[in-house]
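Summary of structural features
Listed below, chain by chain, are the residues.
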Amino acid sequence: MRHRAFSDNLFPHTMSVAVQNASHIPFGFPAQVPPRFAETDHVQRCLVQLRSKSQGLEKYIFLNGLKERDPELFYNILLTNMMEIIPILYTPTVGDACTNYSHIWRRPEGLYISIEHKGRIREVLRNWPASTAARIAVVTDGSRILGLGDLGANGLPISIGKLDLYIAGAGIKPSSTVPICLDVGTDTRKYLEDPLYIGVRQSRPKPSEMDAFMEEFMSAMAEVFPQLLVQFEDFSTDNAFKYLDLFRNRYCCFNDDIQGTGAVVLSGFINAARLASAASGLPLTEHRILFLGAGSSGIGVAKQLLSFFTSMGMTVEEAKNRIYTVDSKGLVTADREGLQEHKKFFARTDYQGPPLKKLADIVEYVRPTALLGLSTLRNAFTEDVVKLMASINKRPIIFPLSNPVSLSEVDFEDAIKWTDGSVIFASGSPYKPVEYKGKVYEAGQGNNMYQFPGIGLGAILSRAKHVSDAMVDKAAIALASSLDHEERANDLVYPRLHRIREISGQVALAVIRQAQAEGLDQTIVYRSLCDSDLLDHIRAKMWKPSNVIGRVRL
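Residues numbered from 1 in each chain as written. Predicted model: local features only at pLDDT ≥ 70, side-chain atom pairs only at ≥ 80, totals over all residues. Heavy atoms only, no water.

- An unreviewed UniProt entry annotates the chain as Malic enzyme originating from Marasmiellus scandens.
- Recorded under Sequence similarities (unreviewed entry), the UniProt text for the chain is reproduced unchanged: "Belongs to the malic enzymes family." (UniProt positions renumbered as here; feature names shortened; annotations may be inferred.)

1. What to know about the overall build of the chain
- Along the chain, the regular secondary structure elements total 23 helices and 14 strands.
- Over its C-alpha atoms the chain spans a radius of gyration of 24 Å, differing by no more than 12% from the 24 Å that the globule rule assigns to 554 residues.
- Each principal axis of the C-alpha atoms in the chain carries an extent, and together these give about 80 × 55 × 55 Å.
- Per-residue burial over the chain gives 58% buried out of 554 residues.
- Long-range contacts, defined as pairs at least 24 residues apart, comprise 73% of the intrachain contacts of the chain with a sequence gap of at least 6.
- Treating the 62 positive side-chain charges of the chain as one cloud and the 61 negative ones as another, the clouds have centres 3 Å apart. (Helix = DSSP H or I, 4+ residues; strand = E, 2+ residues; numbered from the N terminus. Rg over C-alpha atoms; globule rule 2.2 N^0.38 Å. Buried < 20%, exposed > 50% of the residue type's maximum accessible area, 1.4 Å probe, protein only. Contact = heavy atoms within 4.5 Å. Lys, Arg positive; Asp, Glu negative; His and termini not counted. Charge placed at Lys NZ, Arg CZ, Asp CG, Glu CD.)

2. What about helix α22 (residues 500-517)?
- Here α22 spans 26 Å end to end across 18 residues, near enough to the 26 Å set by a 1.5 Å rise per residue.
- Along α22, 14 of the 18 residues are buried, which leaves the element largely enclosed by surrounding structure.
- One or two positions beyond α22, positive phi appears at G519, with a value near 70°. (Expected span 1.5 Å × (residues − 1).)

3. Remarks on the sheet that holds strand β10 (residues 397-400)
- Taken in spatial order, the seven strands of this open sheet run β8-β7-β6-β9-β10-β11-β14, and their pairing is mixed. The open sheet terminates on both sides in strands that have one partner only, identified here as β8 (330-331) and β14 (444-445).
- Both strand β11 (residues 424-427) and β14 contribute to a ladder of two bridges, which runs parallel. Paired with A426 across the two strands is G444, which belongs to β14.
- Taken strand by strand, helix α13 (residues 256-280) contacts β6 (289-292), β9 (370-373), β10 and β11, and its axis lies near 155° from that of β10. (Pairing = 2+ DSSP bridges. Axes fitted to C-alpha atoms, helices over the stretch in contact; angles between N-to-C directions.)

4. Points about the side chain of T325
- Structurally, the position occupied by T325 is in strand β7 (residues 323-327).
- According to the relative accessible area criterion, T325 is buried, its value standing at 0%.
- Once you skip the residues sitting within four places of it in the chain, T325 turns out to touch F291, I299, G330, L331, V332 and F346.

5. A closer look at the pairing of β6
- The alternating pattern of β6 places I289 and F291 on one face and L290 and L292 on the opposite face, and all of these are buried.
- For β6 and β7, the ladder comprises four bridges, and the chain directions are parallel. Across the sheet, L292 pairs through a bridge with V326, a residue of β7.
- Here four bridges tie β6 to β9, and the two strands are oriented parallel to one another. Residue L290 lies in a different strand from β9, and its bridge partner there is L371.

6. Thoughts on the UniProt feature "domain: Malic enzyme N-terminal" (unreviewed entry) in the chain
- Using the residue numbers shown here, the UniProt feature "domain: Malic enzyme N-terminal" (unreviewed entry) corresponds to residues 67-248.
- Secondary structure over residues 67-248 splits into 47% helix and 11% strand, and the C-alpha atoms at its two ends are 33 Å apart.

7. Some thoughts on the pattern of salt bridges
- All told, the structure shown has 32 salt bridges when counted by the stated rule.
- Across the pair K162 and D256 runs a salt bridge whose closest N-O atoms are separated by 2.6 Å. Taken together, the positions of K162 in helix α9 (residues 156-170) and D256 in helix α13 put the pair 94 residues apart, joining distant regions of the chain.
- Note that R513 and D531 form a salt bridge whose closest N and O atoms lie 2.8 Å from each other. Linking R513 in helix α22 with D531 in helix α23 (residues 531-540), this pair joins segments that are 18 residues apart in sequence. (Salt bridge = Lys/Arg side-chain N within 4 Å of Asp/Glu carboxyl O.)

8. Looking at the packing of aromatic side chains
- According to the stated counting rule, one finds 16 aromatic pairs in the structure shown.
- Ring geometry for F308 and F309: centres 5.0 Å apart, planes at 85°, overall edge-to-face. Each of the two residues, F308 as well as F309, counts as buried.
- With 5.4 Å between their ring centres and 10° between their planes, Y450 and Y494 make a pair best called stacked. Here Y450 is found in the loop between β14 and α19 (452-462), whereas its partner Y494 is found in the loop between α21 (485-489) and α22, with 44 residues between them in sequence. The residues Y450 and Y494 share a single accessibility class, namely buried. (Phe/Tyr/Trp six-rings, centres within 6.5 Å; stacked < 30°, edge-to-face > 60°.)

Written out as structure tokens, the structure reads:
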């Protein structure tokens, strides 16, 4: 049985995988495994083959083929080698997979909804196998993939990779996942001119046409997949905010770039602020946060961090006053002409001087306790900026959150050296530990995987009508509280990722409880369970691949 297969009427030209694989076997001759074949050896054989490949993209292609041939073996290897496999399936390697997808495409593995399907989107969706079992879809339109820009139909691996992380991180059943790319065109000329490009060859539609397409799409999704949670992923900044606001109270959906990123950064910031305040004596309410990057992720994170201050009794206006945003033109101020709508919320009204454009000058003016990067500008946190942060703060909080590493605002080793080891650091992509002056420092990773699998699991199990802001806030607090004794002793701001299923269970519990508090849950039987019983139930619901030992697939 093919994983995430398509019906033949959608792909009449596609020969079944079983037929292709069997084409070399003489008729009537039974396929056999080698005489000395052992499943335990085969797991190691797959890992040896994977590790023999020098390029990340080659490893991605190998794993993709393994998932097609033997999904259970693939997920077994993923779950037992997550720290090695996740950076291949998602950041940073998934960026290479997306930019090259039209050239490495081998088989249907996700659902394309094209602008040419307008008027019959329901019909296309109904071709997805086991639609009644669908519980979660990750949907992208390919317009802002990571920091790589408009990749059009090449963006599908983002949806596929995110769903693999749902499966690994929270035990979402693979057959209940639906990876979707909305193929509405691209404004990137090189793809339109590429003879192998797999998407429609047209520019992106006008806003009114895109809005009508999205209305039909979301209505069709709710009809065809009645128990579905929709996660929006990597939409352009304006559309990310627009469609989240438009649909969040009508359907069960959320935007990971805005809410998931915001939640995971809020969680890390809670722990970082406690460490910084313990060193300086500064009250938690006195922290000042400077954001480099005012796109959907930057503003989404900034809005999420408002709850850090409001939870301590501050008003929203007082909390807003602790947050500063910077874009390509400098400090965002309310008097700037042509200011984009989503940037107005945090635009400063208290600065009257000449425009501040250089980051070092802005840091000198704001004197922030925390510098967060969501700019996708490589090395934007220069040595003078980092040293300035260290001169202002005993323990400066520096979070370069742009993905992949090639777009990170500062590398971990440089941040350690330039602050003489005082930095509280978290990045968007993983960094190896750094030894400096005889001490080993471990980078935190503000990985959305800490949040979205648990948020999704909690929303699915509770059958939440909507995903509320409070549910996301509770998810962040649950993550911040999930560090074990050893992690706290090492001044970590995030738990170690190998505990992800344990963490996702705690996040899901918090999400379910908040859904109940707001009356958004439809699985009312959970209301009678105590926390420990509900947590046990959540963990029992997590899907696990069958044990490969003794299992031979022909």
